[in-house]
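Observations on the three-dimensional arrangement
Spelled out from the first residue to the last, the chains are:
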Amino acid sequence: MPLYEYACDQCGQQAELLVRPGVEPKCPKCGSSKLSKLLSIVAAPSRGESSGRERDFPSRPCGPSCGCFPGGG
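Conventions adopted
- Residues numbered from 1 in each chain as written.
- Predicted model: local features only at pLDDT ≥ 70, side-chain atom pairs only at ≥ 80, totals over all residues.
- Heavy atoms only, no water.
- Phe/Tyr/Trp six-rings, centres within 6.5 Å; stacked < 30°, edge-to-face > 60°.
- Buried < 20%, exposed > 50% of the residue type's maximum accessible area, 1.4 Å probe, protein only.
- Lys NZ or Arg CZ within 6 Å of the ring centre and 35° of its normal.
- Helix = DSSP H or I, 4+ residues; strand = E, 2+ residues; numbered from the N terminus.
- Pairing = 2+ DSSP bridges.
- Contact = heavy atoms within 4.5 Å.
- Axes fitted to C-alpha atoms, helices over the stretch in contact; angles between N-to-C directions.

Details of the packing of aromatic side chains
The full count for this structure, using the stated rule, is 1 aromatic pair. Between the aromatic rings of Tyr4 and Tyr6, the centroid separation amounts to 6.3 Å while the plane-to-plane angle is 70°, which identifies the pairing as edge-to-face. With a relative accessible area of 29%, Tyr4 lands in the partly exposed category. Looking at Lys37, its charged tip hangs above the ring of Tyr4, at a distance of 3.9 Å from the centre.

Here's the deal with the pairing of strand β2 (residues 14–18)
Only one face of β2 is covered, namely the face carrying Ala15 and Leu17; the face carrying Gln14, Glu16 and Leu18 is uncovered. Hairpin connection of strand β1 (residues 3–8) to β2: 5 residues between the antiparallel strands, including Gly12 at a positive phi of 85°.

Points about the environment of Cys27
Note on placement: Cys27 falls in the loop between β2 and β3 (35–37). Separated by 13 residues in sequence, Cys27 and Gln14 place their C-alpha atoms 8.3 Å apart. Setting aside residues no more than four positions away along its own chain, Cys27 makes contact with Cys8, Cys11, Gln13, Ser32 and Leu35.

Regarding the sheet that holds β3
Strand pairs in the sheet, formed through backbone hydrogen bonds, run parallel or antiparallel to each other. If you trace the 3 strands from one edge of the open sheet to the other, you get β2-β1-β3, paired in antiparallel fashion. Edge positions in the sheet fall to β2 and β3, since each has one partner strand and no second. The average undirected angle you get between the axes of adjacent strands in this sheet is 40°. With 3 bridges connecting them, β1 and β3 associate as antiparallel partners.

Right under this line is the structure:
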């Protein structure tokens, strides 16, 4: 079952929800089915050899609020 991130259009709650086929997701806070799917980062296994750090972190910071490089990179 896919895991998606949603924001409730009614109360603003954000949540990760498992979405089962044929079942409409609902807000865990208010129960509304008026949800907007959020764009999220996909985690995928790396192929090829690396020392490990390259696999865990991008080659450059994504931005100041990203958190990929705690302490400034």
